[in-house]
Amino acid sequence: MMTLLHTVLALVLSWTGLSSVLYIFSTGLFTVVALWTARLLLRHAWYTHKLSCFSKPQTRSWLLGHLGKMQSTEEGLQRVDDLVQTYKHSCCWFLGPFYHLVRLFHPDYVKPLLMAPGRVKHQQHFSFSHPWFVLISNGEVWSRKRRLLTPAFHFDILKSYIAVFNSSAKTMHDKWCRLVAEGKTNLEMFDHVTLMTLDSLLKCAFSYDSNCQQSSSEYVSAIVELSDLIIERREKNILHHWDWIYWKTRQGERFKQALNTVHRFTRDVVEKRRTLLNQQRETEAQSEIAPTAQKRKDFVDILLLTKDEDGQGLTDEEMQAEANTFMFAGHDTTASAICWTLYNLARHEHYQEKCRQEVMDLIEGRDGQEIQEDLSNLPFTTMCIKESLRLHSPVQAVTRSYTQDMVLPGNRTVPAGTICLVSIYGTHHNPTVWTNPHEYDPQRFDPSNKKSQTSHAFIPFSSGPRNCIGQKFAMVELRVVVALTLLRFRLTPGVNPELGSSRVRRLPQLVLRAEGGLWLQLEPLNTPT
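Owing to the predicted nature of the structure, the values given are computational and were not obtained by experimental measurement.

**So, the nonpolar core**
Here's step 1: Ranked by size, the top nonpolar core spans 117 residues in total, and within it Phe206, Tyr219, Phe299, Ile371, Phe473 and Leu522 carry the most contacts.
Here's step 2: Of all the elements, helix H12 (residues 316-347) adds the most residues to this core, at 14 residues.
Here's step 3: If sequence neighbours within four positions are ignored, phenylalanine 299 has contacts with Leu149, Ala152, Phe153, Tyr161, Cys204, Ala205, Glu322, Ala323 and Phe326.
Here's step 4: Among the nonpolar cores identified, the runner-up in size contains 21 residues, and Leu113, Leu114, Leu408 and Ile424 belong to it.

Structure below.
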């Protein structure tokens, strides 16, 4: 036996044997690569033919397509403006032979896609198990989760959060007053407002007072780091798009560590809350005394209590995922919306004064400066917020892919499996839909003009069965924070230290930000406290 083994090893390790092994390996590898390349090129040719019904902007070549032409910069947004101006409603877009997209930026083309039934559609959005906008929850699974989550965003629940928004906004404003007293009147909005929205969400989701506006928090730091790492992975190094490469990098290790921190926090909260809820049920079942008044229910409480038609609730893993999504998706988008609304009002003093007077009229005769449940009595402020959501929508686009062909106007068909990039920015800035689309004009959203507004012309929260479930939550927080800010401060455009001027360059990342930050000049108002 040993002799035979020595003979085989000698043969393999000899030059002749080694050459034979290398030849077989290289031939096999070449065959696999050739087959993969042929399949890729055939697929590319098929999509090129199928999408020929859509206009195609000039490409680098048949093979490279529009690779490298999408940029997350001010110039990138201006290129979208050019596309909308040229093609009016849609165009096809190829990222090499790998990704085949249809870009849509007109309500008539957007509506059939966003309103498609959930059973024929996959939605791509952020998943905490994967740092990309990936495919999760479709069909019956998605539908069941949506039904279970809906009670958490009922208006009666949202009303109980208004006190939280008041408190978090006051903490931020007190910090601003201290900075202004030190002579620091030129402040960057995103840093402050993002911490404030995180503060609010932690209280609303977990009843957790992190004090993150005043001091550091491990959980909050992890959430912020995940946001930064996702942007870095998407934009800095194309090799990091592959998991097996990314997880071996220093950035991948940092991502895993931050992700573990977030998962550990939510897991602990859900487990402790479920144990507490079970104990309360046992106590109430054994006691003849009526249950005492309960504390305000937070997001986790409602998820624990809700059941489907079969009496089944969400598992702990499902609740952790939904709570993480609520935190991650909610703080950045709302912060962006608040910052850009304050920026637009700073640039238009007459609108700012009209909103401020509306807020002062609302709180007249009240003790202290708190916004209560009568948010419907802020119609003009709401119009200004909506116009800001149109002009500076926090999310620039949403993607969809479908399990069947989708028919659009003009006998155009989107083949099943094609990525549809619904451009919220393009739709909101389409000159065939909006007059003077780049101007800030809150009167567009005057209720008397609603009938003339095209359906799906305004989609900051997407639309249809898979729209943003938290949009009412966001609008309540927006109105409370904007109203209180105008009540306590006069805003004017600030100076960006990087640019040395008040000029603003938009920066579309996960949400719309500004290069070097969004700077405003603050002047405290002598309003009663």
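Continuing now.
**Digging into a nonpolar patch on the surface**
Here's step 1: Taken together, the side chains of Leu41, Trp62, Leu63, Leu64 and Leu67 define a hydrophobic patch exposed on the protein surface, amounting to about 420 Å² of accessible area.
Here's step 2: Structurally, the position occupied by tryptophan 62 is in the loop between helix H2 (15-50) and helix H3 (74-87).

**Considering the sheet that holds strand E13 (residues 519-524)**
Here's step 1: Across the sheet, 3 strands lie side by side as E5-E13-E10; this open sheet has antiparallel pairing. The open sheet has two edge strands with one neighbour each: strand E5 (186-188) and strand E10 (489-493). Neighbour-to-neighbour, the strand axes of this sheet turn through a mean angle of 40°, independent of strand direction.
Here's step 2: Bridge count between E5 and E13: 3 bridges; the pairing is antiparallel.

**Some remarks on the side chain of threonine 48**
Here's step 1: As for its placement among the helices and strands, threonine 48 is situated in helix H2.
Here's step 2: Under the relative-accessibility criterion, threonine 48 is labelled buried at 18%.
Here's step 3: Within polar-contact distance, the side chain of threonine 48 engages the backbone oxygen of histidine 44 at 2.7 Å.

**Describing empty space enclosed by the protein**
Here's step 1: Evaluated as defined, the whole model comprises 1 cavity of 30 Å³ or more.
Here's step 2: The space that makes up the largest cavity amounts to roughly 70 Å³.
Here's step 3: If you trace the largest cavity, you find it lined by Tyr343, Pro493, Gly494, Val495, Asn496, Ser501, Ser502, Arg503, Val504, Gly517, Leu518 and Trp519.
Here's step 4: Here the lining of the largest cavity is built from residues that sort into 6 nonpolar, 5 polar and 1 charged.

**Re the confidence of the model for the protein chain**
Here's step 1: Confidence along the protein chain averages 83 in pLDDT terms, with 87% of residues attaining 70 or more.
Here's step 2: Across the protein chain, element-level confidence peaks in helix H15 (residues 424-428) with a mean pLDDT of 97 and bottoms out in strand E4 (residues 130-135) with 35.

**Overview of the packing of helix H6 (residues 155-181) against helix H7 (residues 189-206)**
Here's step 1: Taken N-terminus to C-terminus, the directions of H6 and H7 make an angle of 150°; their axes are 9 Å apart at the nearest point. Accordingly, the angle class assigned to the pair H6 and H7 is roughly antiparallel. At the point where H6 passes H7, the crossing takes the right-handed sense. Along its contact with H6, which presents Tyr161, Val164, Phe165, Ser167, Ser168, Ala169, Met172, Lys175, Trp176 and Leu179, the element H7 presents Met189, His192, Val193, Leu195, Met196, Asp199, Ser200, Lys203 and Cys204.

**A look at helix H16 (residues 471-488)**
Here's step 1: Relative to the 26 Å expected for 18 residues at 1.5 Å per residue, H16 spans 26 Å between its end C-alpha atoms, a close match to the ideal helical length.
Here's step 2: By the criterion of burial, H16 is predominantly enclosed, with 16 of the 18 residues buried.

**Quick word on the pattern of salt bridges**
Here's step 1: Throughout the structure, instances matching the rule amount to 15 salt bridges.
Here's step 2: Taking the shortest distance from any N to any O, the salt bridge between aspartate 332 and arginine 513 comes out at 3.9 Å. Of this pair, aspartate 332 sits in helix H12 while arginine 513 sits in strand E12 (residues 512-514); the two residues are 181 residues apart in sequence, bridging distant segments of the chain.
Here's step 3: In this structure aspartate 332 comes out as buried when scored by relative accessible area, which is 9%.
Here's step 4: According to the relative accessible area criterion, arginine 513 is partly exposed, its value standing at 22%.
Here's step 5: Between arginine 356 and glutamate 353 there is a salt bridge, with the nearest N and O atoms lying 2.7 Å from each other. Of the two residues, arginine 356 and glutamate 353 both sit in helix H13 (residues 349-363), 3 residues apart, roughly one turn of that helix.

**So, the packing of aromatic side chains**
Here's step 1: The final tally for this structure, using the stated rule, is 18 aromatic pairs.
Here's step 2: Ring centres of tyrosine 219 and phenylalanine 265 lie 4.3 Å apart, and the angle between their planes is 35°; this geometry places the pair in the tilted category. Here tyrosine 219 is found in helix H8 (residues 218-235), whereas its partner phenylalanine 265 is found in helix H10 (residues 250-286), with 46 residues between them in sequence.
Here's step 3: Residues tyrosine 351 and phenylalanine 380 carry aromatic rings whose centres are separated by 6.0 Å and whose planes lie at 50° to one another, so their mutual orientation is tilted. Of this pair, tyrosine 351 sits in helix H13 while phenylalanine 380 sits in helix H14 (residues 379-391), and the two are 29 residues apart along the sequence. For the pair shown, tyrosine 351 and phenylalanine 380 are each scored as buried.
Here's step 4: Site record: aromatic cluster; members linked through ring pairs are Tyr161, Phe165, Phe299, Phe326 and Phe473.

**Side note on the layout of surface pockets**
Here's step 1: As a volume, the second largest pocket reaches approximately 670 Å³.
Here's step 2: The wall of the second largest pocket is formed by 25 residues, among which Thr382, Lys386, Phe445, Lys450 and Phe458 lie closest to the centre.
Here's step 3: Listing elements by their share of the lining of the second largest pocket, those giving two or more residues are H14 and H16.
Here's step 4: Here the lining of the second largest pocket gets 5 residues from one element, more than from any other, and that element is H14.
Here's step 5: Partitioned by chemical class, the residues of the lining of the second largest pocket number 12 nonpolar, 7 polar and 6 charged.

What counts, and at which threshold
- The residue numbers shown here count from 1 along each chain, following its written sequence.
- In keeping with the model being predicted, local features are shown solely for residues with a pLDDT of at least 70 and side-chain atom pairs are shown and tallied solely at 80 or more, while totals for entire chains, interfaces and linings include all residues.
- Only hydrogens and water are set aside; all other atoms, that is, all heavy atoms of the structure, feed into the side-chain values.
- Side-chain atoms within 4.5 Å link the members of a nonpolar core, which is a set of buried Ala, Val, Leu, Ile, Met, Phe, Trp, Tyr and Cys residues.
- Summary of the burial criterion: residues with accessible area below 20% of their type's maximum are buried, those above 50% are exposed, and those between are partly exposed, where the area comes from a 1.4 Å probe applied to protein chains only.
- Counting from the N terminus, the helices are DSSP H or I runs at least four residues long and the strands are E runs at least two residues long.
- Contacts are residue-level and defined by heavy atoms, with any inter-residue pair within 4.5 Å sufficient.
- Surface patches are defined over residues having more than 30% relative accessible area and no salt bridge, joining like charges when they lie within 9 Å and nonpolar side chains (Val, Leu, Ile, Met, Phe, Trp, Tyr) when within 5 Å.
- All accessible areas in this document rest on Shrake-Rupley with a 1.4 Å probe, and a residue is counted as covered only by the protein chains that are shown.
- Between Lys or Arg on one side and Asp or Glu on the other, a salt bridge is scored when a side-chain nitrogen of the former is within 4 Å of a carboxyl oxygen of the latter.
- Paired strands, as defined in this entry, are two strands with at least two bridges between them according to DSSP.
- Interaxial angles span 0 to 180 degrees and are taken between N-to-C directions of axes, which are lines fitted to C-alpha atoms, for helices over the stretch in contact.
- In the analysis that follows, any N or O atom pair within 3.5 Å is treated as a polar contact, provided that within protein one partner can donate a hydrogen and the other can accept it, and provided that, for residues neighboring in sequence, both atoms belong to side chains.
- Cavities and pockets are defined on a 1 Å grid built over the protein atoms alone: a cavity is a set of grid points where a 1.4 Å probe fits but cannot escape, while a pocket is an open set with protein on both sides within 12 Å along at least five of seven lines, and lining residues are those with an atom within 4 Å of any such point.
- Grid points are joined across faces, edges and corners, and a volume is the space filled by probe spheres set on the points.
- Residues were grouped as follows: Ala, Val, Leu, Ile, Met, Phe, Trp, Tyr, Cys and Pro as nonpolar; Asp, Glu, Lys and Arg as charged; and all remaining residues, including Gly, as polar.
- Every residue is assigned a pLDDT by the predictor, reflecting its confidence on a scale from 0 to 100.
- When an angle is under 35 degrees it counts as roughly parallel; over 145 it counts as roughly antiparallel; between 65 and 115 it counts as roughly perpendicular; any other value is oblique.
- Crossing handedness follows the turn of the near helix against the far one: under a right angle anticlockwise gives a left-handed crossing, and clockwise gives a right-handed one.
- Given a helix with a known number of residues, its expected span is that number minus one, times 1.5 Å.
- Stacked, tilted and edge-to-face are the three classes assigned to paired rings of Phe, Tyr and Trp, where Trp is represented by its six-membered ring and a pair needs centres within 6.5 Å; plane angles under 30 degrees give stacked, over 60 edge-to-face, the rest tilted.

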